[in-house]
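Residue strings, one per chain:
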Amino acid sequence: MTDMTDTGRAWAVLLPADRYEAERLVHHDTLELTGLESEHRPAPGDRVAVVVDGEPPSLVALGRVESGGETEQDPDDPDPDGTRTPLVVSYTRRLFDEPLPVDGLVPAGPVTPLAADRWRGLADRLGPPPPRRTWLVSLDLPIEAASPAEAVRIFWSYVRELGPRELPAYVSPSGDELAMQAFVLGAEANQDPEEDD
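This report concerns the structure included in the present document. The residue count restarts for each chain, going from 1 along the sequence in the order it is written. The predicted nature of this model means local features are confined to residues of pLDDT at least 70 and side-chain atom pairs, given and counted, to a pLDDT of 80 or more, with totals for whole chains, interfaces and linings taken over all residues. Heavy atoms from the whole structure form the basis of all side-chain values; hydrogens and water molecules are not counted.

## Some thoughts on the pairing of strand β4 (residues 58-67)
A large share of β4 lies buried, amounting to seven of its ten residues. For two strands to count as paired, DSSP must find a minimum of two bridges between them. Only DSSP runs of H or I covering at least 4 residues are called helices, and only runs of E covering at least 2 are called strands; the numbering of each starts at the N terminus. Here strand β3 (residues 47-52) hands over to β4 after five residues, the two strands then running antiparallel side by side. Sheet topology places β4 next to strand β6 (residues 100-101); two bridges connect them, and they run antiparallel. Within β6, the position partnered with serine 58 by the bridge is proline 101. The sheet contact formed by β4 and strand β5 (residues 87-94) spans six bridges and is antiparallel. Residue pairing in the sheet places serine 67 in a bridge with valine 88 of β5. Relative accessibility under 20% of the residue-type maximum defines a buried residue, over 50% an exposed one, and the middle range a partly exposed one, all with a 1.4 Å probe and only protein chains included.

## Points about the nonpolar core
Only buried Ala, Val, Leu, Ile, Met, Phe, Trp, Tyr and Cys residues count toward a nonpolar core, and they belong to the same one when joined by side-chain atoms within 4.5 Å. Grouped together as the largest cluster of nonpolar side chains are 15 residues, with contacts concentrated most on Leu15, Tyr20, Leu31, Val48, Val50, Val60 and Phe96. Counting residues per element, the ones that place at least two in this core are β1 (10-15), β2 (30-33), β3, β4 and β5. Apart from residues no more than four positions distant in its own chain, valine 60 is found in contact with Leu15, Tyr20, Val50, Val51, Val52, Arg94, Leu95, Phe96 and Pro99. Within the second largest apolar cluster, 14 residues are counted, among which are Ala49, Val51, Val102 and Leu126. Contacts are assigned to residue pairs that have any heavy atoms within 4.5 Å of one another.

## Here's the deal with the sheet that holds strand β9 (residues 169-173)
Taken together, four strands build an open sheet; the order of strands is β8-β9-β10-β11 and the sheet is antiparallel. In this open sheet, the two edge strands, each paired with only one partner strand, are β8 (135-138) and β11 (187-188). As paired strands, β9 and strand β10 (residues 181-184) are joined by three bridges and run antiparallel to one another. Among the inter-strand pairings, tyrosine 170 is bridged to a residue of β10, identified as alanine 182.

## Structural notes on the pattern of salt bridges
Side-chain pairs of opposite charge can arise whenever the charged atoms involved come near each other. Here, a salt bridge means any Lys or Arg side-chain nitrogen found within 4 Å of an Asp or Glu carboxyl oxygen. Under the counting rule described, the total for this entry stands at five salt bridges. For arginine 24, the salt bridge is made with glutamate 21, and the minimal N-O distance between the two is 3.3 Å. Linking arginine 24 with glutamate 21, this pair stays in helix α1 (residues 17-25), spanning three residues, or about one helical turn. By relative accessible area, glutamate 21 is classed as partly exposed at 31%. The shortest N-O distance in the salt bridge between aspartate 29 and arginine 94 comes to 4.0 Å. Of this pair, aspartate 29 sits in the loop between α1 and β2 while arginine 94 is found in strand β5, placing the two residues 65 residues apart along the sequence.

Shape descriptors only; they carry no functional weight alone.
Here you go:
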């Protein structure tokens, strides 16, 4: 486990729109960003507010830098391509489904220094994390096949090919299956063709 002691420094990290959509679709423990050209870079232990651009920008996650911060270049091991270590942020809180608008924050690029008290203010606005509960999630596909094993292979092929952008997943609270809802692209989706008319 990486030691992420609190450095007292904080940053706003701007998440590109396409990456935000990808983070909403699949659960990740960390956020890895490459190609960050910035004079100052976060270091391990720094606190991070992950935001998406907008008017105003919106907070979508909080985290701590795990790796990829400022490092001194070893003269005996030069980096011929000029590439830098990716910035890796461990999520501590996610708000991907309900972004929090942040007035007065103007990102000055992919990584912007953030006053520690401003970061604390954002964290305080979130309050305690909501309680976790058990959900039943299913994906049902009618598959024509000659055997159960073949049906399973075709199922996984469909899942890999179509993925969360096209296949609806059905979710309900454990013990309340009648409250089942369909989700596509991480958002509730109507699957009743009669209601579309």
